[in-house]
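One letter stands for each residue in the lines below.
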Amino acid sequence: MTDESYIQTAIELAKRGQGYVSPNPLVGCVIVKDERIIGTGYHQRFGENHAEVNAILSAKENLEGATLYVNLEPCSHYGNTPPCVDKIIESKIKRVVIGTLDTNPLVSGRGVRKLKRAGINVRVGVLEKECIRLNKFFFKFISKGIPYVTLKAAITLDAKIADTAGDSKWISSLESRKIVHSMRAYYDAVLIGYNTVVKDNPQLTVRLEEGRNPKRIVIDKSLRIKTDRKIFRHIENGQVIIVTSKNSSLKKTKIDELKSLGAEIVFVTENEEGKLNLKMMLRELCKMNITSILVEGGREVFTTFIRQNLFDEIKLFVAPKILGSGINFVNEIPDKNMKNLMKLSIESVDKIGDDVLIELIK
């Protein structure tokens, strides 16, 4: 097997930590000796052993002279766990192959330098594009100080997300809805607007697939949300976050009522259009260690994220249905015409049940 094939194995191992290691990155590790895999591991939960340590501990034979493959540069600093490079050096591993460097200033390049100073042969940049893509949430969180944002919508062929009465159940197929529940388990948080809470009264939990429930974020500029909504059922502290205008800070009774249920309140300013400052919201959510957000609607929320250019990708579940009149995916975006329209790249197209899932990136 080649270096590339072992790094691909490390990537697949790393994916097992999706939904459990945030705000840490996804990391998998493979140890090879005499062309045999003698140890594997991945970062399983935040605060627990990193992938390299788990792989080393899994090995049943001496590691001297072995090659260690890992999709992300091993850490060289003390955090919740000791430095992984120290464990690698102690194990007398001869060679380390790394998918990509870590952009975290505490790590970037330092792990490689420490390994080289110990006399270990290091190769960096194997399947680098794939390794960066795997940790897109983490890299955005570290480099920009805001979460990775994905807009997700189920639409008809004529780009409607609901009929004129606001009813959207069900545009997409059961298979598509299962995929959405899997997505929720991978993202730190799911976000909707106040109108979606009123119209759909969603739970925003993972029920059709296995996985942990994400945090639920509601944008409610005037703090009008009722506490009998489904998102408030059986919540733990901090599991529901209400984002509202700083002008709502005077509504002490409502704030106390929401906090008594375990909800957290985030106050942000408004822009010239009277819309909430989403960039400020994202920075505040980043402080809460939220690295990724799946935005599930509705139209006003989608439009605001697009207008403020605060999204990274769009996932559209397109159903083979035509509604005619109804609620569009987005409202008008000012100053856009055929000469200066917003252009996206198609990342992938897949058939899901009766629907088509189109993934687009900026």
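Being a predicted model, the structure only gives us computed values, none of them experimental. (Residues numbered from 1 in each chain as written. Predicted model: local features only at pLDDT ≥ 70, side-chain atom pairs only at ≥ 80, totals over all residues. Heavy atoms only, no water.)

Enquirer: Which parts of the structure should I look at to understand the pairing of strand β2 (residues 36–42)?
Expert: Two faces make up the sheet, and in a regular strand the side chains alternate between them. Sheet analysis places strand β1 (residues 28–33) next to β2, joined by 6 bridges and oriented antiparallel. Residue pairing for β2: Gly28 is matched across the bridge by Tyr42. (Pairing = 2+ DSSP bridges. Helix = DSSP H or I, 4+ residues; strand = E, 2+ residues; numbered from the N terminus.)

Enquirer: How do you make sense of the pattern of salt bridges when you look at a structure like this?
Expert: Pairs can form between side chains of opposite charge once their charged atoms are near each other. Enumeration over the complete set of coordinates arrives at 20 salt bridges. Arg133 is the partner of Glu313 in a salt bridge, and the nearest nitrogen-oxygen pair spans 3.7 Å. Linking Glu313 in strand β13 (residues 313–318) with Arg133 in helix α5 (residues 128–134), this pair joins segments that are 180 residues apart in sequence. Looking at Arg133, the relative accessible area reads 30%, which means it is partly exposed. Among the ionic pairs, Glu296 bridges to Lys152, the shortest N-O distance being 3.5 Å. With Glu296 in the loop between β12 (292–295) and α11 (299–307) and Lys152 in strand β6 (residues 148–155), this pair connects stretches of sequence that are 144 residues apart. (Salt bridge = Lys/Arg side-chain N within 4 Å of Asp/Glu carboxyl O. Buried < 20%, exposed > 50% of the residue type's maximum accessible area, 1.4 Å probe, protein only.)

Enquirer: How do you make sense of helix α1 (residues 3–14) when you look at a structure like this?
Expert: Residues spaced three or four apart along an α-helix face the same direction, because each turn holds 3.6 residues. The terminal C-alpha atoms of α1 lie 16 Å apart, and with 12 residues this matches the ideal 16 Å at 1.5 Å per residue to within 8%. Of all the residues in α1, the buried ones are Asp3, Tyr6, Ile7, Ala10, Ile11, Leu13 and Ala14. Buried residues of α1, seen end-on, are gathered within an arc of 160° and therefore sit on one face of the element. Here the buried face of α1 lies against β1, β2, β3 (67–72), β4 (95–100), β5 (121–124) and α5. (Expected span 1.5 Å × (residues − 1). Arc of directions from axis to C-beta. Contact = heavy atoms within 4.5 Å.)

Enquirer: Would you take a moment to explain the nonpolar core for this structure?
Expert: Across soluble globular proteins, you tend to see nonpolar side chains buried next to one another. Judged by nonpolar contacts, the single largest core of 33 residues is most densely connected at Met281 and Phe305. Excluding anything up to four places from it in sequence, Phe305 contacts Val149, Leu151, Leu191, Ile219, Leu278, Met281, Val295, Leu310 and Phe311. Grouped together as the second largest cluster of nonpolar side chains are 26 residues, Tyr148, Tyr187, Val197 and Ile225 included. (Core = buried A, V, L, I, M, F, W, Y, C linked by side-chain atoms within 4.5 Å.)

Enquirer: So what exactly am I meant to see when it comes to the pairing of strand β8 (residues 189–193) here?
Expert: Most of β8 sits inside the fold, with 5 of its 5 residues counted as buried. Of the two faces of β8, the one holding Ala189, Leu191 and Gly193 and the one holding Val190 and Ile192 are both buried throughout. Both β8 and strand β9 (residues 215–219) contribute to a ladder of 5 bridges, which runs parallel. Residue Gly193 lies in a different strand from β9, and its bridge partner there is Ile219. With respect to chirality, the unit in which β8 leads through helix α8 (residues 194–200) into the neighbouring parallel β9 is right-handed. (Right-handed = clockwise from strand over helix to strand, strands pointing away.)

Enquirer: How should I be thinking about the side chain of Asp355 in this particular structure?
Expert: With respect to the helices and strands, the residue Asp355 is situated in strand β16 (residues 355–361). No salt bridge is formed by the buried Asp355; its nearest oppositely charged neighbour, Lys321, is found at 6.0 Å. Only 2.6 Å separates the side chain of Asp355 from the side chain of Ser176, close enough to count as a polar contact. Apart from the residues lying within four places of it in its own chain, the contact partners of Asp355 are Ser172, Ser173, Ser176, Val318, Ala319, Pro320 and Asp350. (Lys, Arg positive; Asp, Glu negative; His and termini not counted. Polar contact = N/O pair within 3.5 Å; in protein donor to acceptor, adjacent residues only side chain to side chain.)

Enquirer: What should I look at first to understand the side chain of Thr100 in this one?
Expert: By the secondary structure assignment, Thr100 is in strand β4. For Thr100, a relative accessible area of 4% puts it in the buried group. Here Thr100 is in contact with Asn71, Leu72, Glu73, Glu128, Cys131, Ile132 and Phe139, once residues within four sequence places are set aside.

Enquirer: For this particular structure, what's the right way to read the packing of aromatic side chains?
Expert: Working definition: an aromatic ring pair is given by the centre-to-centre distance plus the angle between the planes. Going through the model one piece at a time under the given rule, you end up with 5 aromatic pairs. Ring geometry for Phe138 and Phe139: centres 5.8 Å apart, planes at 55°, overall tilted. For Phe138, a relative accessible area of 7% corresponds to the buried category. Look at Phe139 and you get buried, because its relative accessible area is 9%. Three or more aromatic residues joined by ring pairs form one cluster here, namely Phe137, Tyr148 and Tyr187. Looking at Arg177, its charged tip hangs above the ring of Trp170, at a distance of 4.2 Å from the centre. Over the aromatic face of Phe311 sits the side chain of Lys362, whose NZ or CZ is 4.9 Å from the ring centroid. (Phe/Tyr/Trp six-rings, centres within 6.5 Å; stacked < 30°, edge-to-face > 60°. Lys NZ or Arg CZ within 6 Å of the ring centre and 35° of its normal.)

Enquirer: Can you help me understand the sheet that holds β4 in this one?
Expert: Sheet strands pair by backbone hydrogen bonding; their relative direction is either parallel or antiparallel. One open sheet accounts for 5 strands, arranged β2-β1-β3-β4-β5; its pairing is mixed. What marks the edges here is a single partner per strand, and that holds for β2 and β5. The mean angle between the axes of side-by-side strands here comes to 15°, regardless of whether they run parallel or antiparallel. Its contacts with the sheet place α1 against β1, β2, β3, β4 and β5, and it is angled at close to 140° to β1. (Axes fitted to C-alpha atoms, helices over the stretch in contact; angles between N-to-C directions.)

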